[in-house]
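# What the coordinates show
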Amino acid sequence: MDKFSVFSARLVEKDELFTSGHRACQGCAEALAVRLVMKALGRNTIVAMATGCMEIISSPLPTTAWQVPWIHVAFENSSAVISGCESGMKAMMRKGKLPAKKINFVAMGGDGATADIGMGQLSGAMERGHDMIYVCYDNEAYMNTGIQRSSATPWGASTTTSPAGKISKGQFTQKKDMPKIAIAHNIPYVATACPSFPFDLMEKVEKAAAIEGPAYLHILSVCPTGWRIPSEEAIKYGRLAVNTCVFPLYEYEYGKYNLTYRPHPILPVKEYIQGQGRFRHLTPEDIDSIQERTRTEYEKLLKLSEEG
Amino acid sequence: MAKERKGIEVSLAVAEAVGQADCDLISAYPITPQTHIVEHLSEMVANAHLDAEFVPVESEHSAMSVCCGAAAVGARTFTSTSSQGLALMAEIFFITSAMRLPVVMALANRSLSAPLSIWNDHTDTMMVRDGGWIHVFVENGQEAYDHVFWAFRVAEDPAVRLPVALNIDGFIMTHMIEPVDFEDDELIKRYVPEYRMEKRLDPDNPVSMGCFAMPEIYSETQMVRENALVESYATCIKAWDEWAALTGRQYHPVETYRADDAEYCIVTMGSLGETAMAAVDELREQGELVGVIKIRLWRPFPFDDLFKAVAGKDTLIVLDRAISFGGPGGPVALELRSALCNSPKAPVVVDYVAGLASRDVTVEDFKSIILGGKAKAAGGEIAGFTFYGLRG
Ligand SMILES: Cc1ncc(C[n+]2csc(CCOP(=O)(O)OP(=O)(O)O)c2C)c(N)n1
Ligand code: SF4
Ligand SMILES: [Mg+2]
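Residues numbered from 1 in each chain as written. Chains lettered and ligands numbered in written order. Predicted model: local features only at pLDDT ≥ 70, side-chain atom pairs only at ≥ 80, totals over all residues. Heavy atoms only, no water.

## A word on the coordination of the magnesium ion (ligand 3)
Inclusion rule: Listed donor atoms are N, O and S within 2.8 Å of the metal (Na, K and Ca: 3.2 Å). As water is not included, a site may look incomplete.
Coordination of the magnesium ion (ligand 3) by the protein involves Asp111(A) (OD), Asn139(A) (OD1) and Ala141(A) (O), with metal-donor separations of 2.0 to 2.1 Å. Read N to C, the donor residues that coordinate the magnesium ion (ligand 3) are spaced as D-x27-N-x1-A.

This is the structure we're talking about:
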């Protein structure tokens, strides 16, 4: 946060590497996250992207929103594809077939691509230690295919495959903790971010790019369409997710936890939950239980960051 | 490596050839009977005998995905698998050819589960027949070694840019020790020179690969794909001719043995061709006018070569090593029937399925298949297929 302040927004890269004209819904914060990530990465970047909203909206043949080399192969394998790009170029540079040069190798996927179908491939890529950045854009469901639940959908959210009903509260499992899974791979850098905090986000991307070896970024990306909120409120809900500690902003660097933003005051989760159509059916007691869980999870994180 | 004849396990000869071709990246996952190929490659990398990245992935799906990424940055890329591994990577197999990524794969052919079987037949490769790759079949160790270079040469040719599957019968070939004439590195370098992919992932010249297509453009993308595969035929031939000029070993899309004056022929693919030839020799002594037709190039399908080979024959007896369940026969017979159905005086096609999961097909078996097929043709029993040598 010291490098960027609210006053230095003008220092942000003006180059748009993820250009306008793509077909994301109005107010999509996932598209905003991609744009910010690309600003921080710069042109010396190769992107491998998973099937999902961001791939579909950015690449309808014969057009593209991408100003950097970009490849999409399938839904679950962006981490393996980028592994191949990185290793292939490494070999060719070593053998003098290509001039040596530092390139950011970046894989991207949604929460479904990351926490569900591509989990094994991501684990493999992190374990092998490729010099890559994996970015998960977490909008908490399979949005591209019509708002189905993923393992990153939070408890209580109504989706098209975890619908709230007479005997259902919606999603009945707790959100899978992807950043912790990444941390368990002992990689040098893991961070959470949210485009509602753009400078924090871009700084983390820059850090991830500078570090050698695998880095994992988990970006909460509000989806007005799937969360059933007005399209102009994506930024507001991102801020609320962070300020209620539902989605804390932290990083994990070479074994040390660091909270990069401490909300003060911490807002009640009710302010985040109410107003979102996907939680409309929840009772005050349900919201209390979310509040309780949010508090204990945040305390665990505080403790970890105090331990350093 | 200098020119030299070696007695070597075919898998190791394939791996050595990948090394001689100066491959940049190998990514694979172990599965019998392909394992010796990738074990030997990782050993070559570990001993700095080959300067390449060996990416030890956690599944075949990832192996093919890694290969896609590597081929997209312009690296010379190799993988190898069998059976269940191919089934797991099938999703990406189809995409590799659609994206025109020149990956070379040694496919050690093995049956598909269930029941689990590690043995050899062609059920795995037939599953991906329509995957848009160039498919070639080889018959012995020398052919396997030679075709590694041919595969890179064809795949990377700017006029082709398609992946190539080198089908090698599992165990029956991969695990045999055979005499192989190795060529010297200089000759190999001339045949498969360093290559530059003109449209690759490069920050200085950004391109988007693997875009999404609406119905208005999807069909056109498939037409381009079809044309590319059909037109790759010319390069396949050119690459064989160039190899023959360098080494004296000439290959053809369809090869024949004692077929010129034959009235009827047995048709095979892969390593059983040699057994078929022995059977034909014996039958010739008994006065049978029989020959062998071997299909080497499976995709793009060599229609004209086939028409030439079958001209004047009245019957083709096909030895299929896979089944199209619930359909009219094995895949090779189906292919021949449909390729020939519009030609005047098309030979009758009698289909046998045999040699599943490495069950022996001996010279005696071939003789009884050939004579049995001839009798069936005479009796008009030509529909469907016959399971040869079933128990009870
Ligand atoms: C193997 C496979 N299974 C299913 C699909 C269908 N599919 C495409 S995108 C998608 C969901 C994407 O969800 P997520 O990764 O969260 O990205 P989002 O669209 O939400 O950004 C699904 C299920 C597919 N393309 N491939
Ligand atoms: S569905 Fe959601 S994530 Fe997808 S483009 Fe629309 S707003 Fe963005
Ligand atoms: Mg999603």
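Moving on, there is more to tell.
## Concerning helix α2 (residues 35–46) of chain B
Residue and element names in this part refer to chain B. So the rule is basically this: We count a stretch as a helix when DSSP gives it H or I for four or more residues in a row; a strand needs E for two or more, and each element gets its number in order from the N terminus. Expected helix span is taken as 1.5 Å per residue step, with the number of steps being one fewer than the number of residues. Whether a residue is buried, partly exposed or exposed follows from its accessible area with a 1.4 Å probe, protein chains only, as a fraction of its type maximum: under 20%, in between, or over 50%, in that order. Any two residues having at least one pair of non-hydrogen atoms within 4.5 Å are treated as being in contact.
End to end, α2 covers 16 Å across twelve residues, agreeing with the expected 16 Å (1.5 Å per residue, within 8%). Listed as buried for α2 are Thr35, Ile37, Val38, His40, Leu41 and Met44. On the buried face of α2, the contacting elements are α1 (10–20), β2 (25–28), β3 (53–56), β4 (77–81) and β5 (104–109). Directly beyond the C-terminal end of α2, a positive phi value near 55° is found at alanine 48.

## Comments concerning unusual backbone geometry
The residue after Thr32(B), namely Pro33(B), is reached through a cis peptide bond having omega 0°. Mapped onto the elements of the fold, Pro33(B) is located in the loop between β2 and α2. For the bond from Ser113(B) to Ala114(B), the omega torsion is -5°, close enough to zero to count as cis. The topology assignment puts Ala114(B) in the loop between β5 and α5 (123–127). A positive phi angle is found at Tyr254(A), which is not glycine, with a value near 45°. Note on placement: Tyr254(A) falls in the loop between β9 (250–253) and β10 (256–259). Looking at Tyr254(A), the relative accessible area reads 58%, which means it is exposed. One non-glycine residue with positive phi stands out, namely Lys345(B), at about 60°. Note on placement: Lys345(B) falls in the loop between α11 (331–340) and β15 (348–353). A residue is classified by how much of its surface remains accessible, and Lys345(B), at 81% relative accessible area, is exposed.

## Details of the domain arrangement of chain B
Residue and element names in this part refer to chain B. How we decide: The source of the domain bounds is an automatic or database domain assignment. Values labelled buried area give the accessible surface lost by two parts on being combined, using a 1.4 Å probe and summing over both. In the sections that follow, a salt bridge refers to a side-chain nitrogen of Lys or Arg positioned within 4 Å of a carboxyl oxygen of Asp or Glu. N or O atoms closer than or at 3.5 Å make up a polar contact, with two conditions inside protein: a donor-capable atom paired with an acceptor-capable one, and, for residues adjacent in sequence, both atoms drawn from side chains.
You can read the domains of chain B as domain 1 (4–247) and domain 2 (254–387). Each partner contributes to the interface: domain 1 provides 30 residues, whereas domain 2 provides 26 residues. A buried area of about 2,200 Å², summed over both sides, lies between domain 1 and domain 2, and 58% of it is on carbon and sulfur atoms. Interface area lost by domain 1 to domain 2 is led by Arg129, Phe137 and Glu139, which between them contribute 29%. Close ionic contact of aspartate 169 with arginine 321 constitutes a salt bridge, the shortest N to O distance being 3.6 Å. The interface formed by domain 1 and domain 2 includes 14 residue pairs in polar contact (both at pLDDT 80 or more).

## Some points on the packing of aromatic side chains
Residues and elements named next belong to chain B. In plain terms, the rule: Ring geometry is summarised as follows: Phe, Tyr and Trp rings, the Trp one being its six-membered ring, pair when their centres sit within 6.5 Å, and such pairs are stacked at plane angles under 30 degrees, edge-to-face over 60 and tilted between the two. For a ring to carry a charge above it, either NZ of a lysine or CZ of an arginine must fall within 6 Å of the ring centroid while also lying within 35 degrees of the normal to the ring plane.
The final tally for this structure, using the stated rule, is 22 aromatic pairs over all chains. Among the aromatic side chains, those forming a connected cluster through ring pairs are Tyr145, Phe149, Phe182, Tyr191 and Trp243. Sitting over the face of the ring of phenylalanine 182, lysine 6 holds its NZ or CZ atom 4.6 Å from the ring centroid.

## Some details on the nonpolar core
Side chains of nonpolar character tend, in soluble globular proteins, to be buried together. For clarity, the cut-off: Working definition of a nonpolar core: buried Ala, Val, Leu, Ile, Met, Phe, Trp, Tyr and Cys residues. They are joined through side-chain atoms within 4.5 Å.
Core analysis: the biggest nonpolar cluster contains 67 residues, and Ile46(A), Ile71(A), Val73(A) and Tyr216(A) have the highest contact counts within it. Broken down by element, this core gets its largest block of residues, eight residues, from helix α3 (residues 60–72) of chain B. If we skip the residues at most four places from it in the chain, Val73(A) touches Met49(A), Val81(A), Cys68(B), Ile92(B), Ile95(B) and Met99(B).

## Let's talk about the environment of Glu186(B)
Mapped onto the elements, Glu186(B) comes out in helix α7 (residues 185–191). With 17 residues separating them along the chain, Glu186(B) and Asp169(B) place their C-alpha atoms 29 Å apart.

## Notes on empty space enclosed by the protein
Under the convention used in this document: A 1.4 Å probe that fits but cannot get out identifies a cavity on a 1 Å grid over protein atoms alone, an open set with protein on both sides within 12 Å along at least five of seven lines counts as a pocket, and a residue lines either if it has an atom within 4 Å of a point. Grid points are joined across faces, edges and corners, and a volume is the space filled by probe spheres set on the points. Three categories are distinguished: nonpolar for Ala, Val, Leu, Ile, Met, Phe, Trp, Tyr, Cys and Pro, charged for Asp, Glu, Lys and Arg, and polar for the others, with Gly belonging to the last.
Taken as a whole, this structure holds four cavities of 30 Å³ or more when the rule is applied. One number sums up the size of the largest cavity: a volume of about 90 Å³. Contributing to the lining of the largest cavity are Met92(A), Lys97(A), Leu98(A), Asp24(B), Val73(B), Gly74(B), Arg76(B), Glu194(B), Tyr195(B), Arg196(B), Met197(B) and Arg200(B). Residue composition of the lining of the largest cavity, grouped by class: five nonpolar, one polar and six charged.

## Examining the interface of chain B and chain A
Definition in use: A pair of strands counts as paired when DSSP detects no fewer than two bridges linking them.
Counting residues at the interface gives 44 residues for chain B, matched by 45 residues for chain A. Of the roughly 3,300 Å² buried between chain B and chain A on both sides combined, carbon and sulfur atoms contribute 61%. Of all residues in chain B, Glu53(B), Pro203(B) and Phe212(B) bury the most surface against chain A, accounting for 19% of the area lost on that side. Remark: the boundary between chain B and chain A carries nine salt bridges. One salt bridge in this structure joins Lys97(A) and Asp22(B), with 3.3 Å as the shortest N-O distance. At the junction of chain B and chain A, the tally comes to 22 residue pairs in polar contact (both at pLDDT 80 or more). For the side of chain B that touches chain A, the secondary structure elements donating two or more residues are β3, α3, α4 (83–98), β9 (208–209) and α8 (215–247) of chain B. For the side of chain B that touches chain A, the leading source of residues is α3(B), giving eight residues. Looking at the side of chain B that touches chain A residue by residue, the class counts come to 24 nonpolar, nine polar and eleven charged. Where strand β2 (residues 70–72) of chain A and β9(B) come together, two bridges link them in parallel fashion.

## A closer look at the sheet that holds strand β1 (residues 45–49) of chain A
Applicable threshold: Here the axes come from fitting lines to C-alpha atoms, over the contacting stretch only for helices, and the angles between their N-to-C directions go from 0 to 180 degrees.
If you trace the nine strands from one edge of the open sheet to the other, you get β10(A)-β9(A)-β7(A)-β8(A)-β4(A)-β3(A)-β1(A)-β2(A)-β9(B), paired in mixed fashion. Each edge of the open sheet carries a strand with a single partner, namely β10 of chain A together with β9 of chain B. As defined by bridge partners, strand β3 (residues 104–110) of chain A adjoins strand β4 (residues 133–138) of chain A across five bridges and the pair is classed as parallel. If you follow Gly109(A) over to β4(A), its bridge partner there is Cys136(A). On top of the sheet, helix α7 (residues 198–210) of chain A reaches β3, β4, β7 (189–193), β8 (215–220) and β9 of chain A; it is set at about 165° to β7(A), its chief contact.

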